[in-house]
There are 2 protein chains.
Amino acid sequence: MRYVVIVAGGAGTRLWPLSRKGTPKQLLPLIGDRSLLRMAFDRVVEVVGPERILVCTGASFADRVAAELPELPADNILGEPVGRDSLNAMAWPTAVLAARDPDATVAIVTADHVIEPEDTFRATLIEAFEVAEAEPALVTFGVVPTHPHTGYGYLWQGEALAGSATVRRVREFREKPDRQTAEQYLASGEYWWNSGMFVWRAEHFLSALATLLPDAHRIVTRLAAAPQELADLFGHLPKVSVDYAVMEPVSHGRTELAMVAVELPVQWHDIGGFASLAGQLAQDPDGNAVAGAAVLLDGADNLVVNRGADGHLVAAVGLTGHVVVHTDEITLVCPMADAERIKELVADVTDTAGDHYA
Amino acid sequence: MRYVVIVAGGAGTRLWPLSRKGTPKQLLPLIGDRSLLRMAFDRVVEVVGPERILVCTGASFADRVAAELPELPADNILGEPVGRDSLNAMAWPTAVLAARDPDATVAIVTADHVIEPEDTFRATLIEAFEVAEAEPALVTFGVVPTHPHTGYGYLWQGEALAGSATVRRVREFREKPDRQTAEQYLASGEYWWNSGMFVWRAEHFLSALATLLPDAHRIVTRLAAAPQELADLFGHLPKVSVDYAVMEPVSHGRTELAMVAVELPVQWHDIGGFASLAGQLAQDPDGNAVAGAAVLLDGADNLVVNRGADGHLVAAVGLTGHVVVHTDEITLVCPMADAERIKELVADVTDTAGDHYA
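Summarised in this report is the structure supplied together with it. (Residues numbered from 1 in each chain as written. Chains lettered and ligands numbered in written order. Predicted model: local features only at pLDDT ≥ 70, side-chain atom pairs only at ≥ 80, totals over all residues. Heavy atoms only, no water.)

### So, the sheet that holds strand β17 (residues 330–335) of chain A
Here 6 strands make up an open sheet; going across it, the order is β12(A)-β14(A)-β16(A)-β17(A)-β15(B)-β13(B) and the pairing mixed. Both outer strands of the open sheet, β12 (289–291) of chain A together with β13 (294–297) of chain B, are each paired with one neighbouring strand and no more. For this sheet the average axis-to-axis angle between neighbouring strands, irrespective of direction, equals 5 degrees. Of the pairings in the sheet, the one linking strand β16 (residues 322–326) of chain A to β17 of chain A comprises 5 bridges and is antiparallel in character. (Pairing = 2+ DSSP bridges. Helix = DSSP H or I, 4+ residues; strand = E, 2+ residues; numbered from the N terminus. Axes fitted to C-alpha atoms, helices over the stretch in contact; angles between N-to-C directions.)

Shown next as structure tokens:
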């Protein structure tokens, strides 16, 4: 059977104060009135149904995830006691599904992205399930790059499978490149961005894991059989990314598995910070993106998000190129160019005003 | 006897949203925890005592003035049903005091300013009382100009009185000059800024008023005798400034009165807008003036005023040269250079978000 695991673990400090320690960005209604998690769920529910969706999140967010997705069976929320990076957020749910259904094929999707159109995403997801069921391979999704992004891994395209130019073996997985290398990748036309989403048969992934990280394999299979041991076992899992622990060695032939990528022909945006959030919101003719009650007079290229109590107004005159985020507890103002420094600001706020504001 | 009238009528739109329709700037704790009105009261109370201080304000603010100055007898708050510019705010209280005490000498002081040191101010006030009691003159206060300000009237100094270089006849009162003229005034050393504060014997002022604006004289003396006719009479008063209606014609010899100025050797700052407010607050080494809870990382030359509910934090990174004002209902952000446009912004806010926010 087919399953979807939604990984919703990140805190999203770069969207502070919209995201807070207790409210990761996936739970925020950032675009319109749906949260990123809700959008991720809605995107896949008609492919596998709500009973075959798992969400892997921080244990402290499990209740909020349950409230956000009331259709989801309670057993399908896996709460990590502490963050253990991306490998575990994928390996643990895969082991849980393998224990429930030895024939499980698992899609791992993220809740960090806005993806459009959703129909195309679903068709590609189904295509990737079919490839994973037919081939002993880890299947990943390749996004056609539009600019030399240095924040993504890249997939070097190999031979086409089954006569389809959009399903290809991956010659090599390449970690985040420097700018010059990213430009070469883009110019060559032979690379896709690695989307961070995967499809694999549970048994294939677990056999690769047994080869590459036998300790991690032992722990996640034990966790799947004996969930009551979570508190004891979890801290022993290695804190490592799936890219480093699995993708790279698999792409170098260190397991029996092939790596195959399916082209994902969608608009695919990571809402990683305020610049990308501004790009996803409707903009007025002056380039202002506004969410919530605000009056901007003669300003341009601002992002204004007002999530304060009803009746609170944000007003600006002559403001250009700034981020203004208002919540009931915190008001943030910074030039758009300094939005990358918000993590540093949060550390400063925590030092001077208290941990409460993190 | 000596009396002090504090004129506290203005709305202070340029300090919005600190000042609002219902909360004029004089009632705000702008500097430290005292309001400008409280500061004006504290400045003069030891000269005349609380019973001989009157406050002339908008009728809708009378209750708040009473709460702010509990020492003030209720009869000593004069509430104007509608704003009638500066002449009336001085003429009506003068007529009221003349009716109470035909021998009254009246000092008119404003509540818009920060004045330091206060001791020097009080000594000068007493000196001005003495001049007004000895001479048939309107006495004004001359501030030594420090730059060619185009927003003030200027006093052209005439002969010294009683051998004191700091008490002089005023050769002419000059309305707000253009920049070039202001520079000439400054260079000549023969001009003082007109402070907008006065001392006069009530009978002198009223006789000049009877000559210059007989209708206004008739109405304010009637109001003093029959306060119950306020609603009927008030609308008939001319809406005119004391500079235009009295200062200019008196300085041109159109009455029996002389004009005398006493030099006021104090730091005298009009808190007219955010730039002047920033100048009055303590600044950190980077030129940031901060009032209320705020964390600024690597910013410079900002004014941040946080008057939100306890616990609300303003945070900024990389912000330079901006005004951020947070109140429970409104958050304002603008470049310091655009703070002069706040009146325009308030009009825009009123149009689009409702009169409530004015």
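### Observations concerning unusual backbone geometry
A cis amide bond links Glu116 of chain A to the next residue, Pro117 of chain A, at an omega of -5 degrees. Structurally, the position occupied by Pro117 of chain A is in the loop between β5 (113–116) and α4 (118–134). Look at Asp85 of chain A: it is not a glycine, yet its phi comes out positive at around 65 degrees. As for its position among the elements, Asp85 of chain A is in helix α3 (residues 85–100). In this structure Asp85 of chain A comes out as partly exposed when scored by relative accessible area, which is 39%. Not every positive phi belongs to a glycine, and Asp298 of chain B is a case in point at roughly 55 degrees. Among the secondary structure elements, Asp298 of chain B is positioned in the loop between β13 and β14 (303–306). (Buried < 20%, exposed > 50% of the residue type's maximum accessible area, 1.4 Å probe, protein only.)

### Re the pattern of salt bridges
For the coordinates displayed, the defined rule picks out 43 salt bridges over all chains. Here Glu135 of chain A and Arg169 of chain A are joined by a salt bridge, their closest N and O atoms 3.5 Å apart. Linking Glu135 of chain A in the loop between α4 and β6 (137–143) with Arg169 of chain A in strand β8 (residues 164–174), this pair joins segments that are 34 residues apart in sequence. A relative accessible area of 26% places Arg169 of chain A in the partly exposed class. Residue Asp298 of chain A is joined to Arg341 of chain B by a salt bridge in which the shortest nitrogen-to-oxygen separation is 2.5 Å. Taken together, the positions of Asp298 of chain A in the loop between β13 (294–297) and β14 (303–306) and Arg341 of chain B in the loop between β17 (330–335) and α11 (342–353) put the pair across two chains. On the accessibility criterion, Arg341 of chain B (21% relative accessible area) is partly exposed. (Salt bridge = Lys/Arg side-chain N within 4 Å of Asp/Glu carboxyl O.)

### Brief notes about the relation of the copies chain A and chain B
Between chain A and chain B, which share one sequence, the superposing operator has a rotation angle of 180 degrees and an axial displacement of 0.2 Å; the RMSD is 0.1 Å. The transformation relating the two chain copies, once decomposed into turn and shift, fits a two-fold axis. The fraction of interface residues of chain A whose copies in chain B are also interface residues reaches 100%, indicating that both copies meet through the same surface. (Least-squares fit on C-alpha atoms with pLDDT ≥ 70 in both. Contact = heavy atoms within 4.5 Å.)

Keep in mind these values describe shape, not function.
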